[in-house]
Amino acid sequence: MCRRLQEDKSIRLFGPKMITSVALSIVLLYFHDQLGYSEAQLQFGFYSETCPSAESVVREVVQQAVTNDPGKAAVLLRLQFHDCFVEGCDGSILIKHDGSDDERFAAGNAGVAGFDVIDEAKSELERLCPGVVSCADIVALAARDAIVEAKGPFYEVPTGRRDGRVANVGHVTNLPDVQDSISSLKSKFREKGLSDQDLVLLSAGAHTIGTTACFFVIARLDAQDPTINPEFFQILRSKCPQGGDVNVRIPLDWDSQFVFDDQILRNIKNGRGVILSDSVLYQDNNMKTIIDSYLETNQSSEANFAADFAKAMVKMGAIGVKIGGEGEIRRLCNATN
């Protein structure tokens, strides 16, 4: 039976530090009982009767994609972030008309990808359950499954989102940017109902895997940003030399770019944040306290980061969702019906 989304359900943690099955049961019950999103009216197991294989189909497509290209995990995670911050989590970023006026072509969405994976999952789901599973839900499920493939936390994804019909480049006006100040980042997240802790979790969680282009780093190198660790500055400068190719890709988490872990927090604390929007997190007292809390030397700190990240993902996934009679269920994810 479908269960109305009442709580943040959590987590099976994957990785070298696994919590015990007993502790897991406690965590699951705790999150199920403590935090609600009833206003979104999403449901766990929304497709359990109408398309029982929906989640397994998405999972298999994502697993194959990440096996073929480990970089796809980060790409699919960021796709949900960019979708939810414009028009809400409604799959609007997937729409592609003949021109260049669509949301996906906005400057703030430069480098966003993973559309092929979503389209492949949608094609298979349309074959099995035509007109049932929304593209917006596929994006949310694919992000979760991508995180798991990167040895991150598994978490239940509430579903029931409907697809939006609007995708306008002019609506992409307030996406968080790599050059944003900490006050600007806080403001943009708060506008979406996300807290300072969510900002730390979603930024660090998204950037613990994947790469960025020298284009997004070169300005702070040319300015000799003093917040960059001197030794790390030389490493970055060697990869992104002045006047060099700005399209060269470099890891966002220098030590473990394909593995979801809390190393990104240590990097940020130690002046080894690659992009400015990560580095500024440790220049704010409240953010610094949050980051330090996850780096305390105890056995549960890594588990706490993963668990809290999963909670933040569920919270973000409820931003501006369309439900009931709103929106539509697209037949093709890149085009409205």
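Residues numbered from 1 in each chain as written. Predicted model: local features only at pLDDT ≥ 70, side-chain atom pairs only at ≥ 80, totals over all residues. Heavy atoms only, no water.

Per an unreviewed UniProt entry, the protein goes by the name Peroxidase and belongs to Capsella rubella. Reading the Function (unreviewed entry) entry of the UniProt record for the protein gives the comment "Removal of H(2)O(2), oxidation of toxic reductants, biosynthesis and degradation of lignin, suberization, auxin catabolism, response to environmental stresses such as wounding, pathogen attack and oxidative stress. These functions might be dependent on each isozyme/isoform in each plant tissue." (UniProt positions renumbered as here; feature names shortened; annotations may be inferred.)

Asker: What's the story with the state of the cysteines in this structure? I'm lost.
Answerer: Should the sulfur atoms of two cysteines be covalently bonded, the bond is a disulfide. Evaluated as defined, the whole model comprises four disulfides. Between the sulfur of Cys214 and that of Cys240 lies a disulfide, 2.0 Å long from S to S. Handedness of the Cys214-Cys240 disulfide follows from its S-S torsion of about -75°: it is left-handed. Taken together, the positions of Cys214 in the loop between strand 3 (211–213) and helix 8 (218–222) and Cys240 in the loop between helix 9 (230–239) and strand 4 (249–251) put the pair 26 residues apart, joining distant regions of the chain. Of the two residues, Cys214 and Cys240, both sit in the buried class. Each disulfide in the protein links cysteines that, numbered along the sequence, combine into the pattern 1-4, 2-3, 5-8, 6-7. (Disulfide = S-S within 2.5 Å. Helix = DSSP H or I, 4+ residues; strand = E, 2+ residues; numbered from the N terminus. Buried < 20%, exposed > 50% of the residue type's maximum accessible area, 1.4 Å probe, protein only.)

Asker: For this particular structure, what's the right way to read the side chain of Lys122?
Answerer: Relative to the helices and strands, Lys122 resides in helix 4 (residues 115–128). We classify Lys122 as buried; its relative accessible area is 2%. Reaching out from Lys122, the side chain makes a polar contact with the backbone oxygen of Val133 at a distance of 2.7 Å. When neighbours within four sequence positions are excluded, Lys122 is seen to be in contact with Val133, Cys135, Ile138, Ile329, Arg330, Arg331 and Cys333. (Polar contact = N/O pair within 3.5 Å; in protein donor to acceptor, adjacent residues only side chain to side chain. Contact = heavy atoms within 4.5 Å.)

Asker: Before we go on, may I ask you to explain the packing of helix 2 (residues 54–68) against helix 4 in this structure?
Answerer: When two helices pack together, their arrangement is given by the angle between their axes and by how far apart the axes lie. Direction vectors running N to C along helix 2 and helix 4 enclose 145°, while the axes themselves pass 9 Å from each other. Crossing geometry of helix 2 relative to helix 4 is assigned as right-handed. Residues Ala54, Val57, Val58, Val61, Val62 and Ala65 of helix 2 pack against Val117, Glu120, Ala121, Glu124, Leu125 and Leu128 of helix 4. Here the contact of helix 2 with helix 4 is composed, by residue class, of 10 nonpolar, no polar and two charged. (Axes fitted to C-alpha atoms, helices over the stretch in contact; angles between N-to-C directions. Left-handed = near helix turned anticlockwise from the far one by under 90°. Nonpolar A, V, L, I, M, F, W, Y, C, P; charged D, E, K, R; others polar.)

Asker: Help me understand the UniProt feature "binding site: Ca(2+) 2" (unreviewed entry) in the protein in this model?
Answerer: This chain's UniProt record puts "binding site: Ca(2+) 2" (unreviewed entry) on Thr208, Asp253 and Asp261. These annotated residues cover 54 residues of sequence, but their C-alpha atoms sit close together, with the largest distance between any two at 9.6 Å. Tracing the backbone through its elements, the reader meets Thr208 in the loop between helix 7 (196–207) and strand 3. Of note, Asp261 is situated in the loop between strand 4 and helix 10 (263–269).

Asker: Mind showing me how you'd approach the layout of surface pockets here?
Answerer: A water-sized probe, rolled over the atoms, reveals where empty space remains. Volume-wise, the largest pocket comes out at about 960 Å³. If you go around the largest pocket, you meet 41 residues; those closest to its centre are Arg78, His82, Ala110, Val178 and His207. For the lining of the largest pocket, the elements supplying multiple residues, two or more each, are helix 3 (72–84), helix 6 (182–191), helix 7, strand 3 and helix 11 (276–279). When residues in the lining of the largest pocket are grouped by element, the largest group, seven residues, is from helix 3. Broken down by class, the residue content of the lining of the largest pocket amounts to 21 nonpolar, 13 polar and seven charged. Formed jointly, the lining of the largest pocket draws a minimum of three residues from each of two domains, domain 1 (53–171) and domain 2 (182–316). (1 Å grid on protein atoms, 1.4 Å probe; cavity = no way out; pocket = protein on both sides within 12 Å on 5 of 7 lines; lining within 4 Å. Points joined across faces, edges and corners; volume = space filled by probe spheres on them. Domains from an automatic or database assignment.)

Asker: Explain the side chain of Ser279 to me, please; I cannot follow it from the model alone.
Answerer: Along the polypeptide, Ser279 turns up in helix 11. One polar contact links the side chain of Ser279 to the main-chain carbonyl oxygen of Gly273, over a distance of 3.4 Å. Those residues in contact with Ser279 that sit more than four places away from it in its chain are Arg220, Thr227 and Gly273.

Asker: Is there a simple way to explain the packing of aromatic side chains in this structure?
Answerer: Think of a pair of aromatic rings as described by two things: how far the centres are apart, and how the planes are tilted against each other in angle. Counting across every chain of the model gives nine aromatic pairs. Their ring planes at 45° and their centres at 6.1 Å tell us that Phe81 and Phe189 sit as a pair that is tilted. Of this pair, Phe81 sits in helix 3 while Phe189 sits in helix 6; the two residues are 108 residues apart in sequence, bridging distant segments of the chain. Looking at Phe81, the relative accessible area reads 15%, which means it is buried. When the ring of Phe215 is compared with that of Phe216, the centres are 5.1 Å apart and the planes differ by 85°; the resulting orientation is edge-to-face. A relative accessible area of 52% means that Phe215 is categorised as exposed. Assessed through its relative accessible area of 25%, Phe216 is described here as partly exposed. By way of ring pairs, the aromatic residues Phe260, Tyr294, Phe305 and Phe309 are connected into one cluster. (Phe/Tyr/Trp six-rings, centres within 6.5 Å; stacked < 30°, edge-to-face > 60°.)

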